Amino acid sequence: MTDKEFLHQLRRGIGRAIIELKQNDNREKYKEIVYRCCLKDIGYDTQIEGTKGYYLYTAISALGCGDEFLEVITKAYMERLPHRLMQQLTDILLSYVHDGSSKAETVLRDKYDQLKERLTRQKNFPYRYCEREQFEELMIVSMNLGKWRAFKQCIEDAGDIIQARKDDKCSYYDWFLDSAANQFGKSKAWNYLNKESSVSQNVNAVVSEYQKVEQARKNHQANMSPITLKILIDEIQKQLLDQRPYGIIGLCMKFAREASKEELIDLAKYIKTENNDYVKTHLLRIFRRVDYPLDIEYLMNLAHSNNHELREAAIEALGRFKDEQIHDLAMELLEAGDTDSGLTLLKETWEKSDDLLIRKVVTKSQRVPHYLQMDLRDIYSKHRSSACGEVLMHAYRNGECSFCRSEIVTAMGKNGVLTYEILLECQYDSYDETRKYANKSIKRRGLNQ
């Protein structure tokens, strides 16, 4: 394997890189690549897939450079870190701890103390660092390692910060308290908090601030009115000038969840009368989540719109239906090079004869964008094909999202194109569920070595 190939696999978290480190007698040549990846965030979407910390620790162990890398990671960890890199390094250090390293545990504690001290006096919290969130993550790490005793100390520390700051910037620790309830039981955790809040100012500060935010949230939810079509249209028009639709997305999702069949019909009828493409597009996006209730001919016409966003919204709405004319449009778009739109329309309309064209358009480039990963995952999870091996392998090797890769692997299994070689690689994948799936599949097939 060339250095370029190794880096390509390592950054994506694919098990082939780990196997290369385990089997290559000249594994030392990859040391610098592993070193760089440890000190750079190589995650794609950590909210979904987590970090690649455990995976990178597996690479470090395969290199046999544990002590050397721990020194480097320790030095980097005590610097001011972007949030996601901090998460990756934390997971690497936790892997050291789980292998018995008391030094790594000390490093985690030192970072905890550093952040605690900083939060008592820091005025602003740049999004790049999110150090309040970093501290709460280390509270959870501390509790997981130190159990009940650590839980009580973390509560004291959080209360100490709240009282030192006398503001609301570091006063709400719901993630930590939810984790404590899961670990110890909600009754035990809150019995302690309620009892100690009467004798400890720090505990009382944590409980009071938590309850204040929770009550405000309940009051807000209780006072929320149903989202009517008129309210939705008014809000979208208000946002028209500054082009910031972030609040609108939430309103549209709520409308999609709660609207009656009659309200959805009224929405579809209104869209036909709306002349502003911006308003029309946001209203049409509701039908990504619920079926469009009128004749799809109107959507078919919009699918040829010169307005890219409007066209995309129409295609996403059409992608929920199985219809011959939608399939024909998918073929037309794929032939024209619009892979994203074409595959979206094949999620329900795929036919066996489509595999050749899909393979042609997908494998013409080594790059596999996230949307393409998701489309292929959805198509071949829903439809059976014995000819999808090459295209799914291409997505497996080159897609950046390890969560989607896990579902690509599952689709390969469902379609009978998952080889033993790939299953062996998946045992070392960066994503937990992929490793679990591989181990179960190997055991089920009776292929244990």
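Predicted model only: the values in this text are computed from it and were never measured. (Residues numbered from 1 in each chain as written. Predicted model: local features only at pLDDT ≥ 70, side-chain atom pairs only at ≥ 80, totals over all residues. Heavy atoms only, no water.)

Participant: Hey, could you go over the overall build of the protein chain for me, with residue numbers and the actual values?
Facilitator: In terms of regular secondary structure, the protein chain is built from 26 helices and 0 strands. If one aligns the C-alpha atoms of the protein chain with their principal axes, the spans along those axes are about 65 × 65 × 40 Å. Taking all 449 residues of the protein chain together, the buried fraction comes to 51%. Summed over all atoms, the accessible surface of the protein chain reaches about 22600 Å², with 47% contributed by carbon and sulfur. (Helix = DSSP H or I, 4+ residues; strand = E, 2+ residues; numbered from the N terminus. Buried < 20%, exposed > 50% of the residue type's maximum accessible area, 1.4 Å probe, protein only. Areas by Shrake-Rupley, 256 points an atom, 1.4 Å probe, with all protein chains shown as cover.)

Participant: Before we move on, can you summarise the pattern of salt bridges with the specific residues and values?
Facilitator: Tallied over the entire structure, the rule returns 33 salt bridges. Where glutamate 131 meets arginine 118, a salt bridge forms, and the shortest distance between an N and an O atom there is 2.5 Å. Separated by 13 residues along the polypeptide, glutamate 131 in helix H9 (residues 131-165) and arginine 118 in helix H8 (residues 102-119) bring together distant segments of the chain. Residue arginine 118 is classed as buried on the basis of its relative accessible area of 17%. (Salt bridge = Lys/Arg side-chain N within 4 Å of Asp/Glu carboxyl O.)

Participant: Can you lay out the packing of H9 against helix H10 (residues 174-184) for me, pointing to particular residues and giving the numbers?
Facilitator: Where H9 meets H10, the axes come as close as 9 Å, and the angle between the chain directions of the two elements is 35°. Here H9 runs over H10; the crossing is right-handed. On H10, the residues that touch Glu133, Glu136, Glu137, Met139, Ile140, Met143, Asn144, Lys147, Trp148, Phe151, Cys154 and Ile155 of H9 are Asp174, Trp175, Phe176, Leu177, Ser179, Ala180, Gln183 and Phe184. Residues of the contact of H9 with H10, tallied by class, amount to 12 nonpolar, 3 polar and 5 charged. (Axes fitted to C-alpha atoms, helices over the stretch in contact; angles between N-to-C directions. Left-handed = near helix turned anticlockwise from the far one by under 90°. Contact = heavy atoms within 4.5 Å. Nonpolar A, V, L, I, M, F, W, Y, C, P; charged D, E, K, R; others polar.)

Participant: Would you mind going over the nonpolar core in detail, with residue names and values included?
Facilitator: Phe287, Leu376 and Tyr380 are the most contacted members of the largest nonpolar core, which has 72 residues in total. Apart from residues no more than four positions distant in its own chain, tyrosine 380 is found in contact with Trp350, Asp355, Ile358, Ser385, Cys388, Val391, Leu392, Ala411 and Asn415. Judged by nonpolar contacts, the second largest core, of 67 residues, contains Phe69, Leu81, Ile92 and Phe176. (Core = buried A, V, L, I, M, F, W, Y, C linked by side-chain atoms within 4.5 Å.)

Participant: Go over the packing of helix H3 (residues 31-38) against helix H5 (residues 53-63), please, and point to the residues and values.
Facilitator: Here H3 crosses H5 at 150°, and the two axes come no closer than 10 Å. Comparing the axis directions of H3 and H5 gives the class roughly antiparallel. Of the two elements, H3 crosses H5, and the hand of that crossing is left-handed. On H5, the residues that touch Lys31, Val34, Cys37 and Cys38 of H3 are Leu56, Ala59, Ile60 and Leu63. Here the residues of the contact of H3 with H5 are counted per class, giving 7 nonpolar, no polar and 1 charged. (Parallel < 35°, antiparallel > 145°, perpendicular 65-115°, else oblique.)

Participant: Go over the packing of aromatic side chains with me, naming the residues and quoting the values.
Facilitator: A full pass over the atoms with the stated rule returns 15 aromatic pairs. Between phenylalanine 6 and tyrosine 30 the ring centres are 4.1 Å apart and the planes differ by 20°, which places this aromatic pair in the stacked class. Here the residue phenylalanine 6 occupies a position in helix H1 (residues 3-12), and tyrosine 30 occupies one in the loop between helix H2 (15-23) and H3, the gap between them amounting to 24 residues. Side by side, phenylalanine 6 and tyrosine 30 carry an identical accessibility label, which is buried. (Phe/Tyr/Trp six-rings, centres within 6.5 Å; stacked < 30°, edge-to-face > 60°.)

Participant: Please set out unusual backbone geometry residue by residue, giving values where relevant.
Facilitator: At cysteine 130, a residue that is not glycine, the phi angle is positive and equals roughly 50°. Mapped onto the secondary structure, cysteine 130 falls in the loop between H8 and H9. Here the phi dihedral of lysine 166 falls at roughly 60°; this positive angle occurs in a residue that is not glycine. Topologically, lysine 166 is positioned in the loop between H9 and H10.

Participant: Any details on the environment of phenylalanine 321? Residues and values, ideally.
Facilitator: Counting through the fold element by element, phenylalanine 321 comes out in the loop between helix H18 (308-318) and helix H19 (324-335). For phenylalanine 321, a relative accessible area of 19% puts it in the buried group. The spatial distance from the C-alpha of phenylalanine 321 to the C-alpha of lysine 347 is 8.6 Å, given a sequence separation of 26 residues. In contact with phenylalanine 321, not counting residues within four places along its chain, are Asp291, Tyr292, Ile296, Ile326, Glu348 and Thr349.

Participant: Any details on the side chain of aspartate 338? Residues and values, ideally.
Facilitator: Assignment of secondary structure puts aspartate 338 in the loop between H19 and helix H20 (339-349). A polar atom in the side chain of aspartate 338 sits 3.0 Å from the side chain of serine 341. Excluding its chain neighbours within four sequence positions, the residues that come into contact with aspartate 338 are Arg311 and Leu333. (Polar contact = N/O pair within 3.5 Å; in protein donor to acceptor, adjacent residues only side chain to side chain.)

Participant: Please set out the environment of tyrosine 371 residue by residue, giving values where relevant.
Facilitator: Its location among the elements puts tyrosine 371 in helix H22 (residues 370-382). C-alpha of tyrosine 371 to C-alpha of tyrosine 173: the two residues are 198 residues apart in sequence and 34 Å apart in space. Excluding its chain neighbours within four sequence positions, the residues that come into contact with tyrosine 371 are Thr339 and Asp340.

Participant: Outline the environment of glutamate 297, listing residues and values.
Facilitator: Along the chain, glutamate 297 falls in helix H17 (residues 297-302). Taking the relative accessible area as the measure of exposure, glutamate 297 reaches 39% and is therefore partly exposed. It is 40 Å that separates the C-alpha atoms of glutamate 297 and leucine 418, two residues lying 121 residues apart in sequence.

Participant: Please set out H19 residue by residue, giving values where relevant.
Facilitator: Each α-helix turn comprises 3.6 residues. Residues three or four places apart therefore point the same way. The end-to-end C-alpha separation of H19 is 17 Å, in line with the 16 Å expected for 12 residues at 1.5 Å each. Listing the buried residues of H19 in full gives Ile326, His327, Leu329, Ala330, Met331, Leu333 and Leu334. In this structure, the buried residues of H19 make contact with H17, H18, H20 and helix H21 (355-362). Downstream of H19 by one or two residues, glycine 337 has phi in the positive range, about 95°. (Expected span 1.5 Å × (residues − 1).)

Participant: Break down helix H13 (residues 229-239) for me, with residues and values.
Facilitator: Listed as buried for H13 are Leu229, Leu232, Ile233 and Ile236. All buried residues of H13 fall inside an arc of 95° around its axis, so they share one side. Seen from the open side of H13, the exposed residues pointing more than 90 degrees away from its buried face are Lys230 and Lys238. (Arc of directions from axis to C-beta.)

Participant: For the side chain of serine 430, give the residues involved together with the corresponding values.
Facilitator: Here serine 430 lies in the loop between helix H25 (420-426) and helix H26 (432-444). Serine 430 gets classed as buried once you look at its relative accessible area, which sits at 5%.

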